[in-house]
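These are the residues of each chain, in order.
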Amino acid sequence: MFDLGRFVADCQAAHAEDRSHKAVREVLARTRRNVLCFLAGAPEINRSMADVRAAAPADIDVVPLHGSLDAALQDRALALTAHRRVILATNIAETSLTV
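Just so we're clear, the structure is a prediction, and the values are computed from it rather than from any experiment. (Residues numbered from 1 in each chain as written. Predicted model: local features only at pLDDT ≥ 70, side-chain atom pairs only at ≥ 80, totals over all residues. Heavy atoms only, no water.)

A. Structural context of the overall build of the protein. Along the backbone of the protein there are three helices and three strands. Each helix and strand of the protein, placed in order from N terminus to C terminus, yields the pattern α-β-α-β-α-β. Taking all 99 residues of the protein together, 38% fall into the buried category. (Helix = DSSP H or I, 4+ residues; strand = E, 2+ residues; numbered from the N terminus. Buried < 20%, exposed > 50% of the residue type's maximum accessible area, 1.4 Å probe, protein only.)

B. Region of interest: the pattern of salt bridges. Under the criterion given, the structure shown has two salt bridges. Across the pair E26 and R30 runs a salt bridge, and its minimum N-O distance is 3.4 Å. Residue E26 and its partner R30 are both found in helix α1 (residues 16–30); the two are separated by four residues, about one turn of the helix. Residue R47 is joined to E44 by a salt bridge in which the shortest nitrogen-to-oxygen separation is 3.6 Å. Placement of the pair is R47 and E44 together in helix α2 (residues 42–55), with a separation of three residues, close to one helical turn. (Salt bridge = Lys/Arg side-chain N within 4 Å of Asp/Glu carboxyl O.)

C. Quick peek at the sheet that holds strand β1 (residues 35–39). One open sheet holds the three strands; their spatial order is β1-β3-β2, and the pairing between them is parallel. In this open sheet, the two strands that pair with only one neighbour each are β1 and β2 (61–65). The sheet shows a mean angle of 20° between the axes of neighbouring strands, direction not considered. Here β1 runs beside strand β3 (residues 85–90); their pairing, made up of five bridges, is parallel. (Pairing = 2+ DSSP bridges. Axes fitted to C-alpha atoms, helices over the stretch in contact; angles between N-to-C directions.)

D. Spatial organisation of α2. The terminal C-alpha atoms of α2, which comprises 14 residues, lie 20 Å apart, in line with the 20 Å expected from a rise of 1.5 Å per residue. Where α2 bends most, at M49, the angle is about 40°. Among all positions of α2, only A42, E44, I45, S48, M49, V52 and A55 are buried. (Expected span 1.5 Å × (residues − 1). Bend = angle between axes of the 7 residues up to and from the residue.)

Function cannot be inferred from these measures alone, as they are strictly geometric.
This is the structure:
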């Protein structure tokens, strides 16, 4: 089993991609674990990637996870690594995924 923590960031913005980098920055400051950030779909993930990368420290990988990615990229998001990761996933993954 994985030891999971749950953090909910309270960031106000009109669009999810505008909130995601603020929420990730807040959660990264509160934990030393990987962060799984749920967004509505692949377009929101793609729009959020650059801002989340800019908000995350340089030693943290930011990777997407959604069904339209090829299998190798999906596997990369879930592979064990020596350093921390922020995974931007579709909210449909919330019901079927534990990282």
